[in-house]
Amino acid sequence: MTPGGNRGWLLRLVVAFGFAQAAVSMARPAVSYRALALGADERAVGVVAGVYALLPLFAAVPLGRRTDHGRCAPLLPTGVVLISAGCALSGVAGSLWTMALWSGVMGLGHLCFVIGAQSLVARQSAPHEQDRNFGHFTIGASLGQLAGPVAAGALIGADMARTSALALLAAGAGGAVALTSLWRVEQAGAAKPRTARGDRVPVRGILRARGVPAGMLISVAVLSATDILTAYLPVVGEHRGIDPAVVGLLLSLRAAATIACRLVLTPLLRLLGRRALLTVTCLLAALLCAAVALPLPVPVLALVLAALGFCLGVGQPLSMTTVVQAAPAAARSTALALRLTGNRLGQVAAPATAGLIAGVAGVAAPFVMLGALLLASAGVAVRTPAGAVPGGYAGAAADASAESEPSRTR
C-alpha cells in the first residue's frame with residue numbers, strides 16, 4: 001500500500017481503538033472497586049493497579065523489534081483478545097493475586113494494540129500526513145477515555161462486589177467489539193520483506209537520535225499531567241467543597257477539549273509548525289496546571305481545564321511523529337515501543353511522586369510539580385527537529401540504505 005492512499009483503514013483503526021480504550025478506561029476504576037470488595041486496603045489497590053503498567057515494561061521493546069521486521073496487523077486482534085480476557089477474568093477473580101495477574105494481562109493487551117496501531121499509522125502515512133493521521137488516531141483514545149469512566153460509574157453501585165464484577169464483564173464484551181473493525185487495516189506488501197531488514201539497531205542508538213528523547217519527555221509530561229489531573233482533581237474538589245458530580249463534568253470538559261484540539265490539529269500545524277506548536281502548548285499547559293493549584297471559582301476553573309485539555313491534546317500525536325521521524329528507519333516501531341515504555345514508567349512514578357508531594361505540601365502541590373515538568377518539556381520542544389530527521393543518530397550508516405527503500409516499506 002502506498003502512503004497517502006485511501007484512508008478507510010485509518011477510520012477503522014480509530015473505531016477499534018475507541019472500543020479498546022473504552023474497555024480499559026472502564027475496567028481500571030472497576031478493578032480498584034473490585035479489589036476493595038475483596039478486602040484490599042489502599043496499598044493493595046495500588047499494587048493491583050500498578051501491575052497494569054509494570055508488566056508490559058518487559059514486553060515493549062521485543063514487540064517493537066518484532067513489528068519493525070514484520071507485519072503490524074497481527075498485534076491488533078491479539079491485543080483486543082488480551083484486553084477483553086483481562087477485563088472479564090478480573091470480574092470473576094476470587095483473590096487479589098489473580099486480580100493483579102489479569103490486570104497485567106489487560107495492560108499487556110493494551111500495549112500490543114497500541115504498538116501495532118501506532119506502527120501501522122507510521123508505516124502507512126506519508127511523512128507530511130503523519131501529524132494529521134496520528135492526531136486522528138488519538139481521537140479514538142480520547143473518545144474511549146471519555147466514555148469508559150462514565151460507563152463504569154453508571155454500573156457500579158452500592159453492592160460493590162456484584163456491580164464491579166458486572167462492569168468488568170461489560171468492559172470485556174465492549175472491548176471485543178473492536179474486532180469487528182479490524183478488517184483490511186494493513187494491505188499486502190506493507191511489511192518489510194525479510195531481505196531488506198538489515199542489521200538490528202541498538203536501543204542506545206535509537207535513544208541517541210536527535211528528537212527521540214525529546215519526544216519521549218514530552219509524551220511522559222503530557223500523560224503524567226492527564227493521569228494526575230484525573231486522580232487529584234477529585235481530591236482538590238473535596239477540599240474546596242466542589243460536588244463530585246461537578247468534578248466529573250470538569251474532567252469530561254477536559255477530555256472534550258482534547259478531542260476538539262485533535263480535530264483542528266492540521267490547521268494549527270499549518271499556522272505554527274510542529275516545533276512552535278509543541279513549545280507553545282507545553283508552555284501554556286505548564287501555566288494552566290499551576291493555575292489549578294489556585295483557589296479559583298468553579299466557572300474559572302472550568303475555563304482553565306478546557307484550555308488545559310486543548311493544550312494537552314497536542315503533545316501525544318506530535319510526540320509520536322517526532323519519535324517516528326527522528327528514529328532510524330529500520331527501528332521506528334522499536335522507537336515507538338521505547339516511547340510507550342517511558343509512558344508506562346511515568347504512569348508508575350508520577351502518581352507516587354505526586355502522592356509524596358501532596359502529603360508534604362498539600363493536595364494542590366502536585367499541579368505545581370506538573371507545571372514544572374511541562375515547563376521543562378516546553379524547553380525541550382524548542383530544540384526538537386522541525387521536520388523529519390531520517391536516520392538521525394550518530395553512526396547510522398545502515399539506515400542510509402534503509403532510507404533509499406521504496407516508501408511502501410515504511
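If you're wondering where the values come from, they're calculated on a predicted model, not measured in any experiment. (Residues numbered from 1 in each chain as written. Predicted model: local features only at pLDDT ≥ 70, side-chain atom pairs only at ≥ 80, totals over all residues. Heavy atoms only, no water.)

Caption draft 1: Looking closely at the nonpolar core. Grouped together as the largest cluster of nonpolar side chains are 45 residues, with contacts concentrated most on Leu-305, Leu-308, Phe-367 and Leu-374. Excluding its chain neighbours within four sequence positions, the residues that come into contact with Leu-308 are Leu-229, Ala-285, Leu-288 and Cys-289. With 34 residues, the next largest nonpolar core counts Ala-16, Leu-63, Cys-112 and Ala-122 among its residues. (Core = buried A, V, L, I, M, F, W, Y, C linked by side-chain atoms within 4.5 Å. Buried < 20%, exposed > 50% of the residue type's maximum accessible area, 1.4 Å probe, protein only. Contact = heavy atoms within 4.5 Å.)

Caption draft 2: A look at the UniProt feature "transmembrane region" (unreviewed entry) in the protein chain. Here the UniProt-annotated "transmembrane region" (unreviewed entry) positions come out as residues 43-63, 75-93, 99-122, 134-158, 164-185, 214-233, 245-265 and 348-375. Between the C-alpha atoms that bound residues 75-93 there is a distance of 26 Å. The span itself is 95% helix and 0% strand. This span, residues 245-265, is 95% helix and 0% strand, and a straight line between its end C-alpha atoms measures 30 Å. (UniProt positions renumbered as here; feature names shortened; annotations may be inferred. Helix = DSSP H or I, 4+ residues; strand = E, 2+ residues; numbered from the N terminus.)

Caption draft 3: Layout of a nonpolar patch on the surface. Together, Val-280, Leu-283, Leu-284, Leu-287 and Leu-375 give the surface a local cluster of nonpolar side chains, amounting to about 430 Å² of exposed area. Top contributing element to the nonpolar patch by residue count: helix H12 (residues 274-292), with four residues. Note that Leu-287 resides in helix H12. (Patch = residues over 30% accessible without salt bridge, like charges linked within 9 Å, V, L, I, M, F, W, Y side chains within 5 Å. Areas by Shrake-Rupley, 256 points an atom, 1.4 Å probe, with all protein chains shown as cover. Salt bridge = Lys/Arg side-chain N within 4 Å of Asp/Glu carboxyl O.)

Caption draft 4: Representation of the packing of H12 against helix H15 (residues 365-381). The contact between H12 and H15 brings their axes to 8 Å, and the two run at 165°. Relative to H15, the element H12 is oriented roughly antiparallel. At the point where H12 passes H15, the crossing takes the left-handed sense. Contacts between H12 and H15 involve Arg-275, Leu-278, Thr-279, Cys-282, Leu-283, Ala-285, Ala-286, Cys-289, Ala-290 and Val-292 from the first element and Phe-367, Leu-370, Gly-371, Leu-374, Leu-375, Ser-377, Ala-378 and Ala-381 from the second. Across the contact of H12 with H15, the residue classes break down as 14 nonpolar, three polar and one charged. (Axes fitted to C-alpha atoms, helices over the stretch in contact; angles between N-to-C directions. Parallel < 35°, antiparallel > 145°, perpendicular 65-115°, else oblique. Left-handed = near helix turned anticlockwise from the far one by under 90°. Nonpolar A, V, L, I, M, F, W, Y, C, P; charged D, E, K, R; others polar.)

Caption draft 5: Fine view of helix H4 (residues 75-92). Over its 18 residues, H4 extends 26 Å from the first C-alpha to the last, a length consistent with the 26 Å expected when each residue adds 1.5 Å. Within the span of H4, buried status applies to Leu-75, Leu-76, Gly-79, Val-80, Ile-83, Ser-84, Gly-86, Cys-87, Ser-90 and Gly-91. Along the axis of H4, the buried residues cluster in a sector spanning 160°; they form a single face. As for H4, its buried residues are in contact with helix H1 (8-37), helix H3 (60-68), helix H5 (96-124) and helix H7 (160-176). (Expected span 1.5 Å × (residues − 1). Arc of directions from axis to C-beta.)

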